Amino acid sequence: MAAGWSWRVIAVAAMLWVVWHIAGFASLVIIPVLVAALLAVLLAPIYRALRRARIPGVLAAVLCIVLLLAAVVLLAWVAGLELVQGFSDLSDQLGASVEHLVTWVQGMGVPVSFDAAALDNVWSTVKDNSGVLVDGALAFGSTAANVLTGLFIALFTLISVSY
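Residues numbered from 1 in each chain as written. Predicted model: local features only at pLDDT ≥ 70, side-chain atom pairs only at ≥ 80, totals over all residues. Heavy atoms only, no water.

**Q** Can you help me understand the overall build of the chain in this one?
**A** The helix and strand tally for the chain stands at four helices and zero strands. Starting at the N terminus and ending at the C terminus, the chain contains elements arranged as α-α-α-α. Looking at the chain as a whole, 13% of its 163 residues qualify as buried. In the chain, 65% of the contacts between residues at least 6 apart in sequence involve partners at least 24 apart. (Helix = DSSP H or I, 4+ residues; strand = E, 2+ residues; numbered from the N terminus. Buried < 20%, exposed > 50% of the residue type's maximum accessible area, 1.4 Å probe, protein only. Contact = heavy atoms within 4.5 Å.)

**Q** Explain the environment of Ile 30 here, please?
**A** Assignment of secondary structure puts Ile 30 in helix H1 (residues 2-52). The partly exposed category is assigned to Ile 30, whose relative accessible area is 45%.

**Q** What is the right way to look at the nonpolar core in this model?
**A** The tendency in soluble globular proteins is for nonpolar side chains to be buried as a group. Core analysis: the biggest nonpolar cluster contains twelve residues, these being Ala 36, Leu 39, Leu 43, Tyr 47, Leu 50, Ala 60, Ala 61, Cys 64, Ile 65, Leu 151, Ala 154 and Leu 155. Secondary-structure elements contributing two or more residues to this core are H1, helix H2 (57-107) and helix H4 (130-160). In terms of residues, this core owes the most to one element, H1, which gives five residues. When residues no more than four places from it in sequence are discounted, the contact partners of Ala 154 are Ala 36, Leu 39 and Ala 40. (Core = buried A, V, L, I, M, F, W, Y, C linked by side-chain atoms within 4.5 Å.)

Laid out in structure tokens, this is it:
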């Protein structure tokens, strides 16, 4: 009885392993197609408006993609500006907060000193863990590749669809 169940468990585990690996390979195709479908649906009203304005189909599809890319670049630029400004404000506030904390702790009678070695220790920790940062950048690159593939599929989807 136990042997029968063990074979079933092994068979189910093997099937799950195969499905897991097939899904990993299929995601290279499925994710861009899903992105393309989403973009095609979102860009369809703009495409139809351009077609009503008697712009040829290929040019209308290319204009939709260019407008989408321009919007993404604009949003990334604004986010980058806000991020840089936020880091600048954060560093100013952090310095003031550390000084205030050291003063407050010293006011309680606890001898505390803040030196540059502690800051160097933090930077060395960041450098030691740079592999994690690189992994994050590579994951972003993979996502960007999926989105770009989806953009091209959406472009051809918009070109081939006639309204």
